[in-house]
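Observations on chain architecture
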Amino acid sequence: MGRHVTRGLAAIILVLLGLAPAMAADTKLKAMATFSILADLITQVGGERVSVTSLVGPDADAHGYSPTPGDARHVAEADLVVVNGLGFEGWIERLIKASGTKAPVIVASKGVTTIAGSHDHDDDHGHDHGDHADPHAWQSVANVKLYVVNIRDGLSAADPAHAALYAENAAAYARKLDALEGEIRTTLQTIPAERRRIITTHDSFGYFSAAYGMRFLAPQGISTDSEAGPKDVARIIRQIRRDKVPAVFVETIADPRLMQQIARESGAKVGGRIYSDALSGPDGPAPGYLEMMRSNLTAFRDALS
Ligand SMILES: [Zn+2]
């Protein structure tokens, strides 16, 4: 009896302090994603059962991210950590160690057939870029269907009581991915084959081009860590002129100046902003994966048709 009273008082005090909603949220599974695209996929599969946070936020570059002490605390509090893998988050292993977390780490890209990063990247800085797998596997919708399966399995293992719900959400989202993939193929077919050529700042559309028959070129390699050298830029400009590439695009995570220079010197036009490695904020055109892919598709179609 006395205990109930004490508990009741505690609840009233918490409500007065405005802490009650935070306590309610704590009953959800806490998933930590490394970047915004993964965070959206976890939200799609986890629904109301999962609260998702992302280490690297919208419009931000995950390649060269520097984790903060606050990040280590957040990772330590997570029930589940979801990473892309394929070397995309070069900083994650140290962060996980530093956090001391015992939470399971799900590699979303597990099972993806990788493609190599561009080997013709001209390296003036003595770095080694060419031997790594391209980490941007989410640019193929078929790969994201694998991501969703891996996320579903990870959530179900961490929270078996809601496995049926995660399976249902994953299946519903997979149907949306199928519809998206059909749209991408239909739309790209309306662009003449010789105009399906695009230049972006860094080499982030390899999976997209392999899956959907586009040709992408980039002065920078598969990571934004290295700068494009003058030889890379000169090579791209020659290629644009020779192949009559219609448009260059600026990824939202990239500095637009390099593409503006390349457009000026090659005669190609600057197409719309495209989303390679990060979503937009909630009010932008790419708050989720489906919207991101549709927004890119519209930018490609408008610039190339
Ligand atoms: Zn990238």
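Remember, predicted model here, so these are calculated numbers, not experimental data. Numbers given to residues run from 1 along each chain, matching the order in which its sequence is written. Per-residue local features are limited, in this predicted model, to residues with pLDDT of at least 70; the limit for side-chain atom pairs, both in listing and counting, is 80 or more; totals at the level of whole chains, interfaces and linings are taken over all residues. Where side-chain values are given, they derive from all heavy atoms of the structure, hydrogens and water being excluded.

1. Points about the nonpolar core
In plain words, nonpolar cores are sets of buried Ala, Val, Leu, Ile, Met, Phe, Trp, Tyr and Cys residues tied together by side-chain atoms within 4.5 Å. In this scheme, a residue with accessible area under 20% of its type's maximum is buried, one over 50% is exposed, and one in between is partly exposed, where area comes from a 1.4 Å probe on protein chains only. Grouped together as the largest cluster of nonpolar side chains are 68 residues, with contacts concentrated most on Trp138, Leu155, Ile184, Phe208, Tyr289, Met292 and Phe300. Strands here mean DSSP runs of E at least two residues long; helices mean DSSP runs of H or I at least four residues long; both are numbered from the N terminus. Top element by residues in this core is helix α11 (residues 289-304). It accounts for nine residues. The contact rule is simple, with two residues in contact once any of their heavy atoms fall within 4.5 Å. Non-local contacts of Leu155, meaning those with residues more than four positions away in its chain, are made with Leu29, Ile42, Val45, Gly46, Val50, Leu80 and Tyr166.

2. Section: helix α9 (residues 230-243)
Here, expected helix span is obtained from the residue count minus one, scaled by 1.5 Å. With 14 residues, α9 should reach 20 Å at 1.5 Å per residue; the first-to-last C-alpha distance of 20 Å fits that figure. Asp232, Val233, Arg235, Ile236, Ile237, Gln239, Ile240 and Asp243 are the residues of α9 that are buried. On its buried side, α9 packs onto β5 (197-200), β6 (215-217), β7 (247-251) and α10 (257-266). One or two steps after α9, the chain reaches Lys244, where phi turns positive at roughly 50°.

3. Some remarks on the coordination of the zinc ion
In this description, a donor is an N, O or S atom within 2.8 Å of the metal centre, a cutoff extended to 3.2 Å for sodium, potassium and calcium. Water is not part of the atom list, which can make sites seem incomplete. Looking at the metal site, the zinc ion is ligated by His63 (NE2), His136 (NE2), His202 (NE2) and Asp277 (OD), spaced 1.9 to 2.0 Å from it. Here the zinc ion binds four donor atoms, and the angle range of 93 to 118° at the metal identifies the geometry as tetrahedral. Considered as a linear motif, the donors of the zinc ion on their single chain read H-x72-H-x65-H-x74-D. Of this pair, His63 sits in the loop between β2 (50-56) and α4 (69-77) while His202 sits in the loop between β5 and α8 (206-212), and the two are 139 residues apart along the sequence. Like His63, the residue His202 is buried in the burial classification. Geometry assignment treats four donors as tetrahedral when all angles are between 85 and 135 degrees, treats four as square planar and six as octahedral when opposite donors are over 155 degrees apart and all others between 65 and 115, and treats everything else as irregular.

4. Thoughts on the packing of helix α3 (residues 36-46) against helix α7 (residues 163-189)
As a packed pair, α3 and α7 sit with axes 7 Å apart at the nearest point and diverge in direction by 120°. Between α3 and α7, the angle falls in the class oblique. Residue-level inspection shows Asp40, Leu41, Gln44, Val45 and Gly46 of α3 in contact with α7, the latter providing Leu165, Tyr166, Asn169, Ala170 and Tyr173. Just so you know the grouping, Ala, Val, Leu, Ile, Met, Phe, Trp, Tyr, Cys and Pro go in nonpolar, Asp, Glu, Lys and Arg go in charged, and all remaining residues, Gly too, go in polar. Along the lines of polarity and charge, the residues of the contact of α3 with α7 split into six nonpolar, three polar and one charged. Structural elements are reduced to axes, namely lines fitted to C-alpha atoms, with helices fitted over the stretch in contact, and the angle between N-to-C directions of any two is expressed from 0 to 180 degrees. Between 65 and 115 degrees an angle is taken as roughly perpendicular, under 35 as roughly parallel, over 145 as roughly antiparallel, and anywhere else as oblique.

5. Let's talk about the side chain of Glu181
Looking at the secondary structure, you find Glu181 in helix α7. Once residues lying within four places of it in the same chain are set aside, the contact partners of Glu181 are Val141, Ala142 and Tyr212.

6. Brief notes about the side chain of Asn84
Counting through the fold element by element, Asn84 comes out in the loop between β3 (80-83) and α5 (92-99). Polar side-chain contacts of Asn84 include one of 2.4 Å to the side chain of Tyr147. If sequence neighbours within four positions are ignored, Asn84 has contacts with Thr34, Phe35, Leu38, Glu89, Val107, Ala108, Ser109, Pro135, Trp138 and Tyr147. What qualifies as a polar contact is a pair of N or O atoms within 3.5 Å, subject to a donor-acceptor requirement within protein and to the restriction that residues adjacent in sequence count only when both atoms come from side chains.

7. Things to note about the packing of aromatic side chains
The criterion for an aromatic pair is that two Phe, Tyr or Trp rings (for Trp, the six-membered ring) have centres within 6.5 Å, with stacked assigned to planes under 30 degrees apart, edge-to-face to planes over 60 apart and tilted to the rest. Applying the stated criterion across every chain, the model contains twelve aromatic pairs. On the numbers, 5.0 Å between centres and 70° between planes, the contact of Phe208 with Tyr212 is edge-to-face. Taken together, the positions of Phe208 and Tyr212, both in helix α8 and four residues apart, correspond to about one turn of that helix. The class for Tyr212 is buried, based on a relative accessible area of 7%. Members of the aromatic cluster, connected to one another through ring pairs, are Phe205, Phe208, Tyr212, Phe216, Phe249 and Phe300.

8. Brief notes about the pattern of salt bridges
Any Lys or Arg side-chain nitrogen located within 4 Å of an Asp or Glu carboxyl oxygen qualifies as a salt bridge. Following the criterion strictly, the structure yields ten salt bridges and no others. For the salt bridge of Arg235 with Asp232, the shortest nitrogen-to-oxygen distance reads 4.0 Å. One end of the pair is Arg235 and the other is Asp232, both in helix α9 and three residues apart, which spans about a single turn. Each member of the pair, Arg235 together with Asp232, is buried. Three or more residues are tied together by salt bridges with common partners; here these are Arg197, Arg215, Arg242 and Asp243.

9. Let's talk about the environment of Lys269
Positionally, Lys269 belongs in strand β8 (residues 269-274). The class for Lys269 is partly exposed, based on a relative accessible area of 42%. Ignoring sequence-local partners within four residues, the contact set of Lys269 consists of Pro246, Ala247, Val248, Asp302 and Ala303.

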